[in-house]
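A structural walkthrough
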Amino acid sequence: MQTHHQIPALRQSLQGKTRIAFVPTMGNLHEGHLTLMRAARKYAETVVASIFVNRLQFGVGEDFEQYPRTLRTDSEKLAATGVDALFAPSENDFYPEPQGYFVEPPDFQHLLEGEFRPGHFRGVATVVLKLFNCVQPQVALFGKKDYQQLMLIRAMTRQLALPIEIVGVDTVRAPDGLALSSRNNYLAPAERAEAPRLYQTLNELKADLLREGLDKREILEQKARKNLDKHGWKTDYLAVRQQSDLQLPSLAGQKLVIVAAARLGQTRLIDNLEI
Ligand code: PAF
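Before going into details, it helps to say that this report is about the structure given with it. Keep in mind that this is a model prediction, so the values were computed, not measured.

1. Brief notes about empty space enclosed by the protein
Across all of its chains, the model carries one cavity of 30 Å³ or more by this definition. Roughly 50 Å³ of volume is contained in the largest cavity. Forming the boundary of the largest cavity are Lys145, Leu178, Ala179, Ser181, Asn184, Leu198, Leu269, Ile270 and Asp271. Sorting elements by how many residues they give to the lining of the largest cavity places strand E9 (residues 267-274) first, with three residues. Looking at side-chain class alone, the lining of the largest cavity contains five nonpolar, two polar and two charged residues.

Next up, the structure:
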């Protein structure tokens, strides 16, 4: 596997490649990321990964400084998974001058995750577009765990007419149901034991909704939130939304998804469940 830290070297090495599948990451790779890498292989003969902890998508007081940086072990995992090239720029390589041009997503960026992480999706959209410009892939793969992020990137790609197919890949879970995430490393042992309750609660809410009907949505959402609160969680949101646009369910027959973000101690976890 080739590793490039600078944009010109990356571009040069990818010259003449006709079909590239790209998986952007912030590193500290786990099985969820490696599943994306393996899925990428099905779409193209050249698989490129990136590792870059993007300051622009972290808000004030968030974990930018603390975010685990494990480039050496990440590189080994990527090489063992058969990735062809890794783009791992330093902050100065990627943002050699202060980034003054941004991708400003529409109001959708202020919903749900965006309400609790102002500016987050503007930072994500900007870095993803810039990474796309560096790698120029035909296909890019993202995990469904970051459901709203995936929707936003799909919409950006469509509206800016980028010639890139965006593929969403199912969330990889630990045997107890916890969605794999680099932030799981922050959990103390007792918190790690409690953490699967988030996904369990989403499953219980799904079962309640299927049994009692969508008319009871608000009461059932509240019951789910109370269940988390009772066990020491602080829930940012736990909501049943339309899969198509993450708005409140309005039209009959719409496919739905439950999306949630909640804190256990200092750690903020997100998850979702399609209905
Ligand atoms: O999902 C992530 O890891 C990040 O938001 C991404 C897409 C790599 C952009 O920094």
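2. Details of the packing of helix H6 (residues 120-135) against helix H7 (residues 147-159)
Between H6 and H7, whose axes approach to 11 Å, the crossing angle comes to 55°. As far as their axial angle goes, H7 and H6 are oblique. Relative to H7, H6 is oriented so that their crossing is right-handed. Between H6 and H7, the contacting residues are Phe121, Val124, Ala125, Val128, Leu129 and Phe132 on the first element and Gln148, Gln149, Leu152, Ile153, Met156 and Thr157 on the second. Residues of the contact of H6 with H7, tallied by class, amount to nine nonpolar, three polar and no charged.

Definitions and cut-offs
Residues numbered from 1 in each chain as written. Predicted model: local features only at pLDDT ≥ 70, side-chain atom pairs only at ≥ 80, totals over all residues. Heavy atoms only, no water. 1 Å grid on protein atoms, 1.4 Å probe; cavity = no way out; pocket = protein on both sides within 12 Å on 5 of 7 lines; lining within 4 Å. Points joined across faces, edges and corners; volume = space filled by probe spheres on them. Helix = DSSP H or I, 4+ residues; strand = E, 2+ residues; numbered from the N terminus. Nonpolar A, V, L, I, M, F, W, Y, C, P; charged D, E, K, R; others polar. Axes fitted to C-alpha atoms, helices over the stretch in contact; angles between N-to-C directions. Parallel < 35°, antiparallel > 145°, perpendicular 65-115°, else oblique. Left-handed = near helix turned anticlockwise from the far one by under 90°. Contact = heavy atoms within 4.5 Å.

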